[in-house]
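Tertiary structure, described
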Amino acid sequence: MEQPDAAPPRATLIARLALAALLALLGLWIAHNFLAALAWAVVIAVAIDPLHERLRRRWPGPRGRTWTAAAITLLVALVVIVPVAAGITQAAREAQEVSTWISQAQANGLPVPDWVGQLPVGREMATNWWQMNLATPEGAANQFHHLRAAADTRLIGSNVIRRVVVFAFTLLTLFFLLRDRDSIIAQLRRAGDRLFGPAGERIGLQTLRSIRGTIDGLVLVGIGEGAVMAIVYLFLGVPHPLLLGAVTAVAAMIPFGAALVFAIAAALLVGLGSVGDAIAVIVIGLVVVGIADHFIRPALIGGSTRLPFLWVLIGILGGVETLGLLGLFIGPATMAVLVMLWREYLEHQGQGAAVDGTPG
């Protein structure tokens with residue numbers, strides 16, 4: 001009996017690759033709303049892996065693995081939820097005062113404050129703008145109407161719900177990543193060996209070092225900046241110095257984000273009539289950020305990733321523009337892996353040229 005002609009191996013390979021690509025695209029399309037949560041969970045798992053390993057050694061076994069993963073996940077949840085809850089509570093306390101102030105401003109207008117006349121530059125222009133837009137009830141009502149229109153409560157509510165869902169899914173993913181850590185690492189090693197050969201494990205280690213170095217350079221340095229500026233805010237009399245210090249720590253993780261908080265703190269001081277203290281906040285803040293961004297942060301990130309400062313900056317800024325806050329960690333790690341592959345390619349080419357040039 002004649003056997004049917006078998007499909008050529010090349011055609012079979014192409015069909016398999018096409019089917020795999022189609023399934024991969026379909027899977028990405030189905031899960032695209034959860035990719036950010038998955039990536040955040042991976043970043044957090046990599047960052048806290050040393051702590052996780054120490055706890056695992058103290059409580060080995062399947063039950064210890066599950067309880068350790070649950071405890072770390074709960075700790076991560078508290079680290080995020082407690083500061084957010086404190087900020088929301090503080091905002092709720094002052095909401096009534098802000099609402100009363102806005103109602104009075106819309107009814108009576110806002111007279112030009114004394115500090116406007118003390119501005120070192122732009123005094124006349126600021127006074128004229130204030131008289132036209134805020135001094136009369138009609139102008140103040142119009143300005144606050146635009147402000148309220150920009151802050152659409154329905155849009156804010158939907159964004160909050162979406163972020164709560166993403167955060168909950170991130171915690172769930174983090175728990176399973178920590179619980180099944182050993183199995184996941186073994187699978188990634190096998191996949192890396194098949195895709196990249198001997199370089200697979202080096203790529204994985206470089207990615208881990210890059211993410212941890214980026215976290216040290218962004219998160220830890222940002223917390224340090226926030227602590228220093230909280231002391232500055234307290235010394236110069238900025239309202240709510242501890243809350244503003246915490247906001248500064250978060251904003252300092254984003255390029256140029258801390259400068260916005262400095263401007264807010266300076267505006268609060270100007271509103272209290274302390275123009276000199278406002279200038280001092282700006283100057284001290286810029287000095288602190290300059291030292292952190294130009295000396296401490298590049299040393300931490302570049303030292304662990306072995307990246308030149310230019311590529312660190314491109315990874316951070318490009319990552320933020322493309323992926324938002326998540327890009328702060330993914331961007332430098334991606335650049336580090338690409339640079340490592342480029343260096344290995346050049347070394348391989350150099351070795352090949354040396355072999356080809358060897359006389360036979």
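Residues numbered from 1 in each chain as written. Predicted model: local features only at pLDDT ≥ 70, side-chain atom pairs only at ≥ 80, totals over all residues. Heavy atoms only, no water.

**Some details on the overall build of the protein**
Looking only at helices and strands, the protein has 14 helices and zero strands in total. Ordered by position in the sequence, the α and β elements of the protein form the string α-α-α-α-α-α-α-α-α-α-α-α-α-α. Here the protein, with 360 residues, has 29% of them falling under the buried criterion. Taking as baseline every contact in the protein between residues at least 6 positions apart, the subset at least 24 positions apart corresponds to 69%. For the protein, the accessible area works out to roughly 23,100 Å², and carbon and sulfur atoms hold 70% of it. (Helix = DSSP H or I, 4+ residues; strand = E, 2+ residues; numbered from the N terminus. Buried < 20%, exposed > 50% of the residue type's maximum accessible area, 1.4 Å probe, protein only. Contact = heavy atoms within 4.5 Å. Areas by Shrake-Rupley, 256 points an atom, 1.4 Å probe, with all protein chains shown as cover.)

**Re the environment of Leu 205**
Tracing the sequence through the fold places Leu 205 in helix α9 (residues 199-236). The spatial distance from the C-alpha of Leu 205 to the C-alpha of Val 337 is 9.6 Å, given a sequence separation of 132 residues.

**Points about the nonpolar core**
Counting residues in each nonpolar core, the largest one holds 19 residues, and the members touching the most others are Met 229, Tyr 233, Val 238, Leu 244, Phe 262, Ala 265 and Val 281. Taken together, the elements giving at least two residues each to this core come down to α9, α10 (241-251), α11 (257-271) and α12 (275-305). Formed by 13 residues, the second largest nonpolar core is a distinct cluster that contains Ile 211, Leu 218, Met 253 and Leu 326. (Core = buried A, V, L, I, M, F, W, Y, C linked by side-chain atoms within 4.5 Å.)

**So, the packing of aromatic side chains**
In total, this model carries two aromatic pairs according to the counting rule given. Between Phe 34 and Phe 169 the ring centres are 4.7 Å apart and the planes differ by 45°, which places this aromatic pair in the tilted class. Placement of the pair is Phe 34 in the loop between α1 (9-31) and α2 (35-47) and Phe 169 in helix α7 (residues 153-179), with a sequence separation of 135 residues. Phe 169 sits in the partly exposed class, given a relative accessible area of 26%. Taking the centre distance of 5.2 Å and the plane angle of 70° together, the rings of Phe 175 and Phe 176 count as edge-to-face. With a relative accessible area of 17%, Phe 175 lands in the buried category. (Phe/Tyr/Trp six-rings, centres within 6.5 Å; stacked < 30°, edge-to-face > 60°.)

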